[in-house]
Amino acid sequence: MDTHYYKIKLSFAIPFGLAVCLLLVLLVMSFFYRRATAETVVLAVLLCAALPVLFEISYRLVTTDAVGVTIRKFLRSRTIPWETISQVGLVVVRRKSYLLLTTRKGFYILSNSYGDFIRLVRDITDHVPPDRVDAEVRQQLEDPLINRGDVFSIWLAVILMLGLIVMKLFGVI
């Protein structure tokens, strides 16, 4: 069997990285345009929260091969052999899908933020016996949900931060 790799979609990672960079620019500008300490504190807290998320997004990787599925996160990696997966389920919250892999030792969650999520679901369901796959998973394969809301909201945040930077440069705020 071929080995397939799934990373977080670039359509999500790129605007998120851009938003983190713009947060950094706003923080640096808040030091130069010393108006309110609260602004600097809020921007520093937001940046401290966003940087680890950006690092985690860039590091995540799911690999499927003949042995099983490997989920790599920052400083940890877990290989789940195909025979240990007792159930494959799906939870949909608004337009966001989460694939649940249940094993004897716990469960693992994969979101549709991974690129080519449908192929990932198909790779997993091809290796797991059909009686262990929920009907919702099969429905997802037949009629996949397309989630663009998270990408839209990040681009909106980027546009708002660009507006704040321009307004700071021209002395509006």
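Because the structure is a prediction, the values reported are computed rather than measured. (Residues numbered from 1 in each chain as written. Predicted model: local features only at pLDDT ≥ 70, side-chain atom pairs only at ≥ 80, totals over all residues. Heavy atoms only, no water.)

Looking now at the pairing of strand β2 (residues 61-64). Covered by surrounding structure in β2 are Leu-61 and Thr-63 together with Val-62 and Thr-64, the residues of both alternating faces. As judged from the 3 bridges shared by strand β1 (residues 4-6) and β2, these two strands associate in the antiparallel manner. Its bridge partner being in β2, Tyr-5 is matched across the sheet by Thr-63. As consecutive antiparallel partners, β2 and strand β3 (residues 68-73) are separated by 3 residues. (Buried < 20%, exposed > 50% of the residue type's maximum accessible area, 1.4 Å probe, protein only. Helix = DSSP H or I, 4+ residues; strand = E, 2+ residues; numbered from the N terminus. Pairing = 2+ DSSP bridges.)

On to the nonpolar core. In terms of nonpolar packing, the biggest core is built from 43 residues, with Val-62, Val-88, Leu-99, Leu-101, Leu-110, Leu-120 and Ile-124 touching the most fellow members. At 10 residues, helix α1 (residues 10-32) tops the list of elements feeding residues into this core. Leaving out residues up to four positions away in the same chain, Ile-124 has contacts with Thr-64, Trp-82, Val-88, Leu-99, Leu-101 and Leu-110. (Core = buried A, V, L, I, M, F, W, Y, C linked by side-chain atoms within 4.5 Å. Contact = heavy atoms within 4.5 Å.)

Quick look at the packing of α1 against helix α5 (residues 149-169) now. Contact geometry of α1 with α5 gives a least axis separation of 9 Å together with a crossing angle of 25 degrees. In terms of axis orientation, α1 runs roughly parallel to α5. Taken as a pair, α1 and α5 cross one another with a handedness that is left-handed. Mapping the contact onto sequence places Ser-11, Phe-12, Pro-15, Phe-16, Leu-18, Ala-19, Leu-22, Leu-23, Val-25, Leu-26 and Met-29 in α1 and Asp-150, Val-151, Ile-154, Trp-155, Val-158, Met-161, Leu-162, Leu-164, Ile-165, Lys-168 and Leu-169 in α5. Taken together, the residues of the contact of α1 with α5 break down into 19 nonpolar, 1 polar and 2 charged. (Axes fitted to C-alpha atoms, helices over the stretch in contact; angles between N-to-C directions. Parallel < 35°, antiparallel > 145°, perpendicular 65-115°, else oblique. Left-handed = near helix turned anticlockwise from the far one by under 90°. Nonpolar A, V, L, I, M, F, W, Y, C, P; charged D, E, K, R; others polar.)

Right, let's get into the sheet that holds β1. Spatially, β1-β2-β3-β4 is the arrangement adopted by the 4 strands of the open sheet, whose pairing is antiparallel. Two strands in the sheet have a free side with no partner beyond their single neighbour: β1 and β4 (76-81). For this sheet the average axis-to-axis angle between neighbouring strands, irrespective of direction, equals 15 degrees. On the sheet, helix α3 (residues 117-127) packs against β1 and β2 and is oriented at approximately 135 degrees with respect to β1.

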